[in-house]
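As a plain string of letters, each chain reads:
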Amino acid sequence: MDSLVAEGLGKCYVLSREEGKSSRSLWRRLRAAPRGDADPASKTREFWALRDVGFRVESGTILGVIGPNGAGKTTLLKILARVITPTTGRVVGVGRVVSLLELGAGFDPDLPAHDNILMNAAILGIPRLEAQRRIKEILEFAEVEQFVGSPLRHYSSGMYLRLAFSVAIHMNPQILLADEILAVGDQAFQERCLQKVVELGRDGLTVLFVSHDMDAIMRICNRVMWLHQGAIRKLGDPEEVVDEYQNAIWSQADIAQSERGRRANRFAEVLSVRLVSSSGKDIGGAPVSEDVFIKTRFRTSKPSLSVKCALDLSTKGQLIFRTADTEARPLPQPGIYEALAKIPRDLLAELPYVATVGCIFKRDNETKEYPLLMYNALSFLVYGTETPETPTSGRLDRVGFIAPRLEWTVRQEAYAAGA
Amino acid sequence: MLLALRRWLGLSASVVAEADGGVDRKSQKWVIEPARVGLIARAEELWRYRRILWFFASRRIKERYEDATLGRFWMFVQPLAPILISTLIFGSMLEVPSDGIPYFLFILTGSSCWRIFDRGVQRVTRSLDQNRSLIKKVYFPRLIAPISSVAPALTEFGVLFTLLVATCIYYFVKDGIFYLRLGPQLLVAVLAVAMAAFLSVSVGLWTSVMQIRHKDVQFSIRYFMQLWYYVTPVIFPLSELLKMLPPELHFVPYLNPMSPVVEMYKWGVLGIGHVSGVGVLVGVLMTLAIFGSGVVYFNRSEAASVDRL
């Protein structure tokens, strides 16, 4: 059974360039106002936050919504939550819709949890008795029973979130809209939320789940919608869509920043960029005290090529260093190759790093270069393995964007001894 | 009075809750379309969501008195100060007639009714702005925002009415005359209070929407209300105004829908004033016209307003 059917959904915003200037007559503006269109005299520009979006969701589906910032994810959810009205198209749905668009929306910070639950229920149009019956369950799931009496402004953001989520799922929704907010809670609660969502999905709850956390999307969603510039780019199997989405982020970044930069040319194609340990295993983070490798796999399609690889490492938006292979390496046969760049132990600091990888291909008898470049192809965290004896010892010894361990020697100068 | 209101809202809510407990809401189908929702559908929706009204109203009232450092003292001083000044200027210096009632009591009575309207309009005008964060994140009938914003105006009225009673007692002790009319006429005053609140929402429906587009509405409305104050029989009795006007212009004061409301209130509380059936009827009709057109205007520009917030 379809629980949600959207057809040709579009949302157009009129951007006025002269906002705030009130030189035009009030009367003309007033006449324009009720029609909802822009001031007739001002220069305006249309912006379609969402255009011609159509999809069906069967009940019990957990639909992940992914896409870069500004793709229209939130706009879509807001339309479904009735917060904004679509410009075109229509949505037909069945059952109660509960939305978690923002942390604490619909909560009054001065009221205690109990009253807030009732207010939330009222906002959702839920009868008071029904809400009262569930208060205990809600508080239990949110783990805030001992704070029932204190006003919400004394709550931590985690408690806020737990309460909001708990209220939402206990209001017996048929459709739940969740926008990114689950990122606030701690690991354990996030896990519990995701579990609960999966569980409710089995009972027929339809969930629209916006997230940038591809891990969570892959784990709980059974369908994924990829929005791009207000339109559906792809809708289907999570693995497939997420894979393609992640690949596209790379290539898109390339196109945006450099016409040289791309993932594939007519000689070669980069397959993956991974962080591996010295035993060759894929790892997500790099221990400070171990050698790790950035492994770039690529496939060549022509014989007699050579490649020279390069690497940019940055952290916090700062380029820390660029380094390249010392010479071009021959690739005599077409096939799959892997290039390993060793990052020695005790070089990087305990920070998240982002690597941009470049591979410059050359044909043996040509001088022209054919580079492939992947911006931000890999991000990883470097973490410390030794537990320092006191919280600050060790940590303060090496500070900065990199933290190499140098060789120190201290000795007494020979001539000074007798002076 | 507020407690009674709460009880009433709470009671009626639970009665309804039991009633629709049996209805299977699970299979309820809904549609979202660009088309505007009709007025009848809006009214039904408003009724379904009526319980939020209490939460919103109490929030507004709390906000009103929250940041006042002087607390209760301030509650009384703030509305009283302009009345004392007016008493000094119009009562003592200009000797404006007051239908045989001490001028202070006269203006206090008129002001308490006027203030519902005055504060109401100003609060309702800002209502969409004030609820911006909520409106942009949660759906509820947007009409709730302006309607609930009258609540602080009603509490301010409560304060002034307390002062009014205290003043009557003072004059009873001093002169032996008890000006307050205790009897069924008081119901007329209650009706006038309701009308003042209703009219302020009606005007506010227009101004709140305009306010989103033009921030200057919020500032200009203050001066507009001051002007309106002087054409409403608060600082002077309507009878005096009628005496000054030639008979063929006697309809003029009735073009102001607040005139009959204030007169009704004064008549209900003190037994003075000039209440005519035609005047009241015209006032009611005008109020209804402003309300009706305001609801239509509000409903029509709702979607565009939310986009602009």
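Thresholds applied
- Residues numbered from 1 in each chain as written.
- Chains lettered and ligands numbered in written order.
- Predicted model: local features only at pLDDT ≥ 70, side-chain atom pairs only at ≥ 80, totals over all residues.
- Helix = DSSP H or I, 4+ residues; strand = E, 2+ residues; numbered from the N terminus.
- Buried ≥ 20, exposed ≤ 12 C-beta atoms within 10 Å, placed from the backbone.
- Contact = placed C-beta atoms within 7 Å.
- Pairing = 2+ DSSP bridges.
- Axes fitted to C-alpha atoms, helices over the stretch in contact; angles between N-to-C directions.
- Parallel < 35°, antiparallel > 145°, perpendicular 65-115°, else oblique.
- Nonpolar A, V, L, I, M, F, W, Y, C, P; charged D, E, K, R; others polar.

As for the overall build of chain A
Then step 1. On a plain count of helices and strands, chain A comes out with 9 helices and 18 strands.
Then step 2. Here chain A holds 419 residues, and 35% of them are scored as buried.

Remarks on the overall build of chain B
Then step 1. Along chain B, the regular secondary structure elements total 14 helices and 1 strand.
Then step 2. Classification of the 309 residues of chain B by burial places 38% in the buried group.
Then step 3. Partitioning the contacts of chain B with sequence separation of at least 6, the portion at a separation of at least 24 is 82%.

Quick look at the sheet that holds strand β3 (residues 62-66) of chain A
Residue and element names in this part refer to chain A.
Then step 1. A sheet is described by the order of its strands in space; here 6 strands give the open sequence β5-β6-β7-β3-β8-β9, paired in mixed fashion. At either end of the open sheet lies a strand with only one pairing partner, and these are β5 (97-100) and β9 (231-236). Pairs of neighbouring strands in the sheet enclose a mean axial angle of 15°, with direction left out of account.
Then step 2. Along the sheet, helix α2 (residues 73-80) contacts β3, β5, β6 (175-179), β7 (206-210) and β8 (223-228); its crossing angle with β7, the most-contacted strand, is approximately 150°.

With respect to the sheet that holds strand β12 (residues 292-300) of chain A
All names here are of chain A.
Then step 1. Spatially, 3 strands are ordered β10-β12-β16 in an open sheet, and the strand pairing comes out antiparallel. Looking at strand neighbours, the two that pair on one side only are β10 (268-277) and β16 (335-343), the edges of this open sheet. Averaged over all pairs of adjacent strands, the angle between their axes in this sheet comes to 20°, without regard to strand direction.
Then step 2. Of the pairings in the sheet, the one linking β10 to β12 comprises 9 bridges and is antiparallel in character. Its bridge partner being in β12, glutamate 269 is matched across the sheet by arginine 299.

Looking at the packing of helix α5 (residues 103-130) of chain B against helix α8 (residues 151-175) of chain B
Helix packing geometry: the angle between the two helix axes and the distance between the axes.
Residue and element names in this part refer to chain B.
Then step 1. Put simply, α5 and α8 touch, their axes get as near as 9 Å, and they point 175° apart. Judged by the angle between their axes, α5 and α8 are roughly antiparallel. Residue-level contacts link Phe104, Leu105, Leu108, Thr109, Ser111, Ser112, Arg115, Ile116, Arg119, Gly120 and Arg123 of α5 to Pro152, Ala153, Leu154, Glu156, Phe157, Leu160, Phe161, Leu163, Leu164, Thr167 and Tyr171 of α8.

Observations regarding the interface of chain A and chain B
Then step 1. Every contact between the two is made by 37 residues of chain A and, on the other side, 40 residues of chain B.
Then step 2. At the level of secondary structure, the elements contributing two or more residues to the side of chain A that touches chain B comprise β4 (88-94), α3 (113-123) and α4 (128-142) of chain A.
Then step 3. The element that contributes the greatest number of residues to the side of chain A that touches chain B is β4(A), accounting for 6 residues.
Then step 4. For the side of chain A that touches chain B, the class distribution of residues is 18 nonpolar, 10 polar and 9 charged.
Then step 5. Note: β4(A) against strand β1 (residues 29-32) of chain B, 4 bridges, orientation antiparallel. The partner of A:Val94 across the bridge, within β1(B), is B:Lys29.

Description of the packing of helix α5 (residues 157-170) of chain A against helix α6 (residues 187-202) of chain A
Residue and element names in this part refer to chain A.
Then step 1. Two numbers describe how α5 lies on α6: the axes approach to 12 Å, and their chain directions differ by 10°. Considering their axes alone, α5 and α6 lie roughly parallel with respect to each other. Residue-level inspection shows Gly158, Arg162, Phe165 and Ile169 of α5 in contact with α6, the latter providing Phe189, Cys193, Lys196 and Leu200.
Then step 2. The residue makeup of the contact of α5 with α6, split by class, is 5 nonpolar, 1 polar and 2 charged.

A short note on the pairing of β12(A)
Then step 1. Examined bridge by bridge, β12(A) and β16(A) share 9 bridges and lie antiparallel to one another. Counterpart to A:Phe293 in the pairing with β16(A) is A:Lys342.

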